[in-house]
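# Understanding the architecture of this molecule
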Amino acid sequence: MTIALITVGKTDNKELNTLITVYKNRLSHYVKFDFEVIPDLKKAKNLSETEQKQKEGALILKKIQPSDTLILLDENGKTFDSVGFSGYLQKHMNSGLKRLVFVIGGPYGFSSEVYKKANGKIALSKMTFSHQMVRLFFIEQLYRGFTILKNEPYHHR
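### Thoughts on the layout of surface pockets
Looking at the largest pocket, its volume works out to about 430 Å³. Among the secondary structure elements, those contributing two or more residues to the lining of the largest pocket are β3 (69-78) and α5 (131-149). Top element by residues in the lining of the largest pocket is β3. It accounts for four residues. Residues of the lining of the largest pocket, tallied by class, amount to 12 nonpolar, seven polar and three charged. Counted as a void, the second largest pocket has a volume near 210 Å³. Lining the second largest pocket are Phe80, Asp81, Ser82, Phe85, Ile122, Ala123, Leu124, Ser125, Phe129, Phe137, Glu140 and Gln141. Those elements that place two or more of their residues in the lining of the second largest pocket are α3 (82-94) and α5. Here the lining of the second largest pocket takes three residues from α5, the largest share from any one element. A class-by-class count of the residues in the lining of the second largest pocket yields seven nonpolar, three polar and two charged.

### Points about the environment of Leu16
Along the chain, the position of Leu16 falls in helix α1 (residues 14-27). What makes Leu16 buried here is its relative accessible area of 8%. Those residues in contact with Leu16 that sit more than four places away from it in its chain are Thr11, Gln132, Met133 and Leu136.

### Looking at the packing of α3 against α5
At a closest axis distance of 8 Å, the pairing of α3 and α5 adopts a crossing angle of 75°. One way to sum up the angle between α3 and α5 is to call them roughly perpendicular. Counted together, Ser82, Val83, Phe85, Ser86, Leu89, Gln90 and Met93 of α3 and Phe138, Gln141, Leu142, Arg144, Gly145, Phe146, Ile148 and Leu149 of α5 form the full contact between these two elements.

Conventions we followed
Residues numbered from 1 in each chain as written. Predicted model: local features only at pLDDT ≥ 70, side-chain atom pairs only at ≥ 80, totals over all residues. Heavy atoms only, no water. 1 Å grid on protein atoms, 1.4 Å probe; cavity = no way out; pocket = protein on both sides within 12 Å on 5 of 7 lines; lining within 4 Å. Points joined across faces, edges and corners; volume = space filled by probe spheres on them. Helix = DSSP H or I, 4+ residues; strand = E, 2+ residues; numbered from the N terminus. Nonpolar A, V, L, I, M, F, W, Y, C, P; charged D, E, K, R; others polar. Buried < 20%, exposed > 50% of the residue type's maximum accessible area, 1.4 Å probe, protein only. Contact = heavy atoms within 4.5 Å. Axes fitted to C-alpha atoms, helices over the stretch in contact; angles between N-to-C directions. Parallel < 35°, antiparallel > 145°, perpendicular 65-115°, else oblique.

Right, dumping it as structure tokens:
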């Protein structure tokens, strides 16, 4: 199985990029992991919130294959603790799917078309984080989930 993370907009912060790279490299020991950044929209300031979501949504949907399982990182999604999330990953791995795709949307969230295509939603927290921080938090939780599944000492119970 491949796990993919699709995000909208680049991360400018060098320190965050360094940490994201650290966890991407760690993850590669457990699973094929693809990290894809959809570039920021040009002239986004001239677009309404709805127009921006729709344009970003179209770009997101272009990246989704028919056989993918699409999970949105969304504030109204299901919450897990780390052990529960590792079980969620295991369930998907056991199902035989080829690609599990998680998406972090743009600043206004997702278009209705993306919501319709989604197979589920996960919330990392009830708190609000910057889209750049969410990338790091999510990739770290993926790594933590795999270390839990392998009974490795990274996660202290």
